[in-house]
Amino acid sequence: MDPVTEDRAPEPLTDYAQRLTRSVRAFDQRRPLLWDLHFTGFWVTAALIDYAGGGWRHNAHDLGVPGWLLLAMSLGFTVPLLRRRTHPGLALAAMVPFAVANAWTGAALQAALLQLVLIYHLALRRPLRHLGWATALVLGPVLLSAVRYGEGTWDQQIGSHLMSITVAVLIGVTVRTRRTYTEALEDRARRLETERDQQAQLATAAERARIAREMHDIIGHNLSVITGLADGGRYAAAKSPERAAQALDAIATTSRQALTELRRLLDVLREEERQQADLTPQPGLTDLAPLLDGVRSAGLPVSTSIHGSPSLPPGRQLTVYRVIQEALTNTLKHGGPDATARIELSYEEKAAVTLTITDTGIGSATDGTSRGGRGLPGMRERTALYGGTLEAGPRPHPEQGWRVRLRLPEESPQ
């Protein structure tokens, strides 16, 4: 189908009819009794006009029916309509005595046809099994009139009423099916809207967690390096001005690198500048050497042992990089002046990798909580994305320091 045809606005008359229907339904839902009173009052008025004006005489089999009985039957066929929606079965049963009297006396009031309204509401609001006895209640007086007055053939009298009942039932079932279908669509739309809101909230929470991890990794690591360099430069200023100048150069380089990474992260967050955002890729294994050089220049000796050849996808490379960055940053913060660190990295088949980072620091020898905060949860969240495991805690006694062990399993085939 042509998209232009699908999105075409409805005709003015159709749109007006739909808006009018919605407004009427809304009014009926707010004040159902008022609508029922209007509906019932209309038919009561019509029946009384038929009684008072003598219109009933055109169809009557016996013109000698007492006036009080005609009035009672007119009201008996119309007043029960007030409960047609809440209790259609009881309303129909209330009409039965008047229908019998109408058939027996030969008045043949046209108001008896209002029983079809109750048949319609039974088909609309009640189980279809109720239609059996309801049909019997409506056809019983018809049979009585046919036996007593015998005008026309049986198939004409019974068949015409049975056809009217069938039409009323079909209309009720059609409206009921349409209403059920509409309610199902509305319920589905509500559920989809709820699911959409939930997905948006989950996506927002995940994005916030990702941004928090990135901000922590960028700011925490670079500030730790800068702090180490500043402390070293301060001590070297008096004895070796050249070393102090080197420390200041390293501080400037590290600061610019941190600012570049922060700008890239913030540019992605700006919707209006998304197209102009810096497309520099996230750090990977090729960026380990600059990372280690920066840590070493901050005063932390780091040795490495690498086995195998790296063949990891970018996401896993970022996870390994950030875990190394966080572990070394924690060593800079808590390890003390004489701490050293060692990295053992083993690449395996199908993008599996094992990483162990140990240090000889003194800041975490007593408990396993001193290196808490945002860093360790962030590392575990990154690891969980690939079904891996992360262990972090003090090294076993009598060894001193901290150990972080990352294990990423084989990459599952897509």
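Residues numbered from 1 in each chain as written. Predicted model: local features only at pLDDT ≥ 70, side-chain atom pairs only at ≥ 80, totals over all residues. Heavy atoms only, no water.

A. Highlighting the overall build of the protein. Along the protein, the regular secondary structure elements total twelve helices and five strands. Expressed as a percentage of contacts within the protein between residues at least 6 apart in sequence, the contacts between residues at least 24 apart total 70%. Surface accessibility of the protein: about 24500 Å² in total, with carbon and sulfur atoms responsible for 59%. (Helix = DSSP H or I, 4+ residues; strand = E, 2+ residues; numbered from the N terminus. Contact = heavy atoms within 4.5 Å. Areas by Shrake-Rupley, 256 points an atom, 1.4 Å probe, with all protein chains shown as cover.)

B. Spotlight on the sheet that holds strand β1 (residues 302-307). As summarised here, the arrangement of the five strands in space is β1-β2-β3-β5-β4, forming an open sheet in which the pairing is mixed. Every other strand in the sheet has two partners, leaving β1 and β4 (389-394) as the edge strands with one partner each. For this sheet, the mean angle separating the axes of adjacent strands, direction not counted, is 10°. By the bridge criterion, six bridges tie strand β3 (residues 353-359) to strand β5 (residues 402-408) in an arrangement that is antiparallel. If you follow Val353 over to β5, its bridge partner there is Leu408. Docked against the sheet, helix α10 (residues 288-297) engages β1 and β2 (341-347), running at close to 160° with respect to β1. Helix α11 (residues 314-334) contacts β1, β2, β3, β4 and β5 of the sheet and is inclined by roughly 10° relative to β3. (Pairing = 2+ DSSP bridges. Axes fitted to C-alpha atoms, helices over the stretch in contact; angles between N-to-C directions.)

C. Region of the structure containing the pairing of β5. Burial along β5 is one-sided: the residues Trp402, Val404, Leu406 and Leu408 are buried and none of Arg403, Arg405 and Arg407 is. In the sheet, β4 pairs with β5 via six bridges, with the strands oriented antiparallel. Residue pairing for β5: Gly393 is matched across the bridge by Arg403. (Buried < 20%, exposed > 50% of the residue type's maximum accessible area, 1.4 Å probe, protein only.)

D. Looking closely at the packing of aromatic side chains. Counted according to the given criterion, the structure contains one aromatic pair. Centre to centre, the rings of Phe42 and Trp43 are 5.1 Å apart; their planes meet at 80°, and the pair counts as edge-to-face. Trp43 sits in the partly exposed class, given a relative accessible area of 30%. Directly above the aromatic system of Phe39 lies the positively charged group of Arg84, at a separation of 4.0 Å from the ring centroid. If you follow Arg148 out to its NZ or CZ, it ends over the ring of Trp104, 4.0 Å from the centre. (Phe/Tyr/Trp six-rings, centres within 6.5 Å; stacked < 30°, edge-to-face > 60°. Lys NZ or Arg CZ within 6 Å of the ring centre and 35° of its normal.)

E. Broad picture of helix α4 (residues 67-78). Between the first and last C-alpha of α4 there are 17 Å, a value that for twelve residues agrees with the 16 Å anticipated at 1.5 Å per step. For α4, the full list of buried residues reads Leu69, Leu70, Met73, Ser74, Gly76, Phe77 and Thr78. For α4, the secondary structure elements touched by its buried residues are α3 (32-53) and α5 (88-105). (Expected span 1.5 Å × (residues − 1).)

F. Looking closely at the packing of α5 against helix α7 (residues 131-149). Remark: α5 packs on α7, axes separated minimally by 9 Å, with the N-to-C direction vectors making an angle of 5°. Between α5 and α7, the interaxial angle falls into the category roughly parallel. Within the contact between the two elements, α5 uses Gly89, Leu92, Val96, Ala99, Val100, Ala103, Trp104 and Thr105 and α7 uses Trp133, Ala134, Leu137, Val138, Pro141, Leu144, Ser145, Arg148 and Tyr149. (Parallel < 35°, antiparallel > 145°, perpendicular 65-115°, else oblique.)

G. Structural context of the pattern of salt bridges. Counted according to the given criterion, the structure contains ten salt bridges. In this structure, Arg85 and Asp36 form a salt bridge, with 2.9 Å as the shortest nitrogen-oxygen distance. Of this pair, Arg85 sits in the loop between α4 and α5 while Asp36 sits in helix α3, and the two are 49 residues apart along the sequence. The exposure class assigned to Asp36 is buried, which follows from its relative accessible area of 7%. With its nearest N and O atoms 3.6 Å apart, the salt bridge here joins Asp293 to Arg296. Here Arg296 and Asp293 lie together in helix α10, a separation of three residues that amounts to about one turn. Among the residues examined, Asp293 registers a relative accessible area of 46% and is labelled partly exposed. For Arg296, a relative accessible area of 35% gives the class partly exposed. Look at the salt bridges and you will find they share partners, linking Asp36, Arg84 and Arg85 into a network. (Salt bridge = Lys/Arg side-chain N within 4 Å of Asp/Glu carboxyl O.)

H. How the structure looks around the nonpolar core. Of all hydrophobic cores here, the largest spans 30 residues; its most connected members are Val320, Ile324, Leu328, Leu355 and Ile357. Where this core is concerned, the elements lending two or more residues are α10, α11, β2, β3, α12 (375-384) and β5. For this core, the element with the most residues is α11, which contributes six residues. Not counting chain neighbours up to four residues away, the residues in contact with Leu328 comprise Leu292, Val295, Leu300, Val302, Ala341, Ile343 and Ile357. Core analysis: the second largest hydrophobic core is formed by 29 residues, Ala107, Leu114, Ile119 and Leu139 among them. (Core = buried A, V, L, I, M, F, W, Y, C linked by side-chain atoms within 4.5 Å.)

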